[in-house]
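# Summary of the model geometry
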Amino acid sequence: METNDATPRESALLVGGPADGLRATVANRPAMLQVTYPCVVGEPDSGVRVEALHVYRLVPPVQDELLRYGYDPASP
């Protein structure tokens, strides 16, 4: 998906899970956001990187309320 200067952007709040309370700027109100968190690997010089993946889904907006994404504990 491409965005440009004319694409409206909104501030969104992540609720629950490991990113609880963080804010993100989104365009076009995506239905889902993916958040990754780096994990420690046993052999750091191996060149392998491991990241935990967490999914946040758009919560139906309430009028005049900040856009919110709720943690999906059953993801991915």
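The following refers to the structure shown. (Residues numbered from 1 in each chain as written. Predicted model: local features only at pLDDT ≥ 70, side-chain atom pairs only at ≥ 80, totals over all residues. Heavy atoms only, no water.)

### As for the environment of Leu13
Quick note on the threshold: Elements are defined by DSSP. Helices are runs of H or I of four residues or more, strands are runs of E of two residues or more, and each kind is numbered from the N terminus. Residues count as neighbours in contact if any of their non-hydrogen atoms are within 4.5 Å of one another.
For Leu13, the position within the fold is in strand E1 (residues 9–15). Along the backbone, Leu13 and Leu58 are 45 residues apart, and their C-alpha atoms lie at a distance of 9.9 Å. Not counting residues within four places of it along the chain, the set of residues in contact with Leu13 comprises Gly21, Leu22, Arg23, Leu66, Leu67, Arg68 and Tyr69.

### Considering unusual backbone geometry
This is how the line gets drawn: The cut-offs for exposure are 20% and 50% of the maximum accessible area for each residue type, with area from a 1.4 Å probe on protein chains only; residues under the lower value are buried, those over the upper are exposed, and the others partly exposed.
Backbone geometry at Asn28 places phi at a positive 65 degrees, although glycine is not the residue there. For Asn28, the location among the structural elements is in the loop between strand E2 (23–27) and strand E3 (32–39). What makes Asn28 partly exposed here is its relative accessible area of 46%. At Arg29, a position not held by glycine, the phi torsion is positive, near 45 degrees.

### Quick look at the environment of Asp20
Inclusion rule: Polar contact criterion, stated in full: a pair of N or O atoms within 3.5 Å, where within protein one must be able to donate a hydrogen and the other to accept it, and residues adjacent in sequence count only if both atoms are side-chain atoms.
Locating Asp20 in the fold gives a position in the loop between E1 and E2. Between the C-alpha atoms of Asp20 and Tyr71, which are 51 residues apart in sequence, the distance is 8.2 Å. Discounting residues that sit within four places of it in the chain, Asp20 has contacts with Leu14, Val15 and Tyr56. A polar contact of 2.7 Å, which involves the side chain of Asp20, links it to the backbone nitrogen of Gly16.

Limitation: the analysis is restricted to geometry and does not speak to function.
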